[in-house]
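This is what each chain is made of:
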Amino acid sequence: MPLIRETIVVTADAAGRAHIAPLGLIAEGERWILAPFRPSATLENLRARPFAVANLTDDARVFAGCLTGRRDWPLVAVGAGFRLAETLAHWELEVVEIREDAQRPRFVCRVARAETHAPFGGFSRALAAVIEAAVLTSRLDLLPRAEIAAEFARLKVIVAKTASAGEAEAFAWLEAKVAAHGGP
Ligand SMILES: Cc1cc2nc3c(=O)[nH]c(=O)nc-3n(C[C@H](O)[C@H](O)[C@H](O)COP(=O)(O)O)c2cc1C
């Protein structure tokens, strides 16, 4: 399996409006592949404008927020798009090849520019737990309810032991969405 980096990807539509979504970047040599599922705004935007900004952020609230209707995070213009105003680093990605696929087209990108804005602050078990919970939340219609309940119970222990206020808030947003969906 290839290396995957979980990032916040900002794309723009034909009118130039920004769209924020968590996306895994798949490594392929010096390239990164964006693989948005059909249908998605990220996919449409990449077809309209073959450019994206991947944000390397340790803010758990942005990952959880995008999945719970909180997409309004401050942005600043960079290159042909936008980055998060607060991010540790960002990569400006240019699509150099599109591999069509019925479910998940692959947009192969080169890094046109990379910038670091703040130092890495160390590992956080709670952040990793929120990202796992966010992935589960993005698959509520695909995964068995019992599996989601068991995973959330396990992740909740880690969050209770190690979370910052922001990480605890992010986990609570995801729990509320899962509860509204009918479980766990
Ligand atoms: C950590 C993480 C990684 C994700 N990676 C992908 C991905 O690689 N491709 C994808 O289509 N959705 C991915 N998702 C789900 C999308 O963020 C979510 O479905 C999003 O709303 C995409 O749809 P949109 O572009 O219409 O907003 C991921 C979610 C999380 C939390």
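Cut-offs and rules
- Numbering of residues starts from 1 in every chain and runs along the sequence as written.
- Totals for whole chains, interfaces and linings use every residue, but because this is a predicted model, local features are given only for residues with pLDDT of at least 70 and side-chain atom pairs only at 80 or more, for both listing and counting.
- Water and hydrogen atoms were dropped before computing side-chain values, which therefore reflect all heavy atoms in the structure.
- Nearness is judged by heavy atoms alone; a residue qualifies as near a molecule or strand once a single heavy atom is within 4 Å of it.
- Polar contact criterion, stated in full: a pair of N or O atoms within 3.5 Å, where within protein one must be able to donate a hydrogen and the other to accept it, and residues adjacent in sequence count only if both atoms are side-chain atoms.
- Surface exposure here means Shrake-Rupley accessible area, sampled with a 1.4 Å probe, where a residue is shielded only by the protein chains that are shown.
- In DSSP terms, a helix is any run of H or I states spanning at least four residues, a strand is any run of E spanning at least two, and both are numbered starting from the N terminus.
- Gly counts as polar in this scheme, as do all residues outside two lists: the nonpolar Ala, Val, Leu, Ile, Met, Phe, Trp, Tyr, Cys and Pro, and the charged Asp, Glu, Lys and Arg.
- As used throughout, domain bounds are those supplied by an automatic or database domain assignment.
- Ring pairs are drawn from Phe, Tyr and Trp, using the six-membered ring of Trp, whenever the two centres fall within 6.5 Å, and their geometry is named by plane angle: stacked under 30 degrees, edge-to-face over 60, tilted for the rest.
- Note on pairing: two strands pair once DSSP finds at least 2 bridges between them.
- Geometry is summarised by axes, namely lines fitted to C-alpha atoms with helices restricted to the contacting stretch, and by angles between N-to-C directions that run from 0 to 180 degrees.
- Here a residue-residue contact requires only that any non-hydrogen atoms of the pair lie within 4.5 Å.
- Expected helix span is computed as 1.5 Å times (number of residues minus one).
- Only protein chains enter the calculation, and the probe is 1.4 Å; a residue is then buried if its accessible area is under 20% of its type maximum, exposed if over 50%, and partly exposed in between.
- Along the arc lie the directions from the helix axis toward the C-beta atoms.

(A) The arrangement of the site of the ligand in detail. Neighbouring the ligand are 19 residues, the closest being His19, Pro22, Phe37, Ala41 and Thr42. In this structure, Thr42 approaches the ligand through a side-chain N or O atom, which is 2.6 Å from an oxygen atom. Taking Arg71, its side chain carries an N or O atom lying 3.2 Å from an oxygen atom of the ligand. In isolation the ligand offers 630 Å² of accessible surface; the protein chains occlude 84% of this area. Listing elements by their share of the shell around the ligand, those giving two or more residues are β2 (18-28), α1 (41-48) and α3 (125-137). Top contributing element to the shell around the ligand by residue count: β2, with five residues. Looking at the shell around the ligand, its residues break down into 11 nonpolar, five polar and three charged. If you count residues domain by domain, the shell around the ligand takes at least three from each of domain 1 (4-116) and domain 2 (125-180).

(B) Representation of the packing of aromatic side chains. Taken as a whole, this structure holds three aromatic pairs when the rule is applied. With a centroid separation of 5.5 Å and an interplanar angle of 35°, the aromatic rings of Phe152 and Phe171 are classed as tilted. A residue pair is termed long-range when its members are at least 10 positions apart, and Phe152 in helix α4 (residues 145-162) and Phe171 in helix α5 (residues 165-180) qualify at 19 residues.

(C) Expanded view of the sheet that holds strand β7 (residues 89-99). Here six strands make up a closed barrel; going around it, the order is β1-β2-β3-β8-β7-β4 and the pairing antiparallel. Strand-to-strand twist of the sheet, defined as the mean angle between neighbouring strand axes without regard to direction, takes the value 45°. Across the sheet, α1 touches β1 (4-12), β2, β3 (31-34), β4 (51-56), β7 and β8 (106-116), and the angle it forms with β2 is around 80°.

(D) Inspection of unusual backbone geometry at higher detail. Backbone torsion omega between Arg38 and Pro39 reads -10°, so that peptide bond is classified as cis. Of note, Pro39 is situated in the loop between β3 and α1.

(E) Highlighting α5. With 16 residues, α5 ought to run about 22 Å at 1.5 Å a step, and its terminal C-alpha atoms sit 23 Å apart, in line with that. All buried positions along α5 are accounted for by Glu167, Ala170, Phe171, Trp173, Leu174 and Val178. Along α5, the residues classed as buried sweep out an arc of 150° about the axis, all on the same side. For α5, exposure combined with an orientation more than 90 degrees from the buried face picks out Ala165 and Ala180. Those residues of α5 hidden inside the fold are in contact with α2 (60-66), α3 and α4.

So yeah, pure geometry; function would need other evidence.
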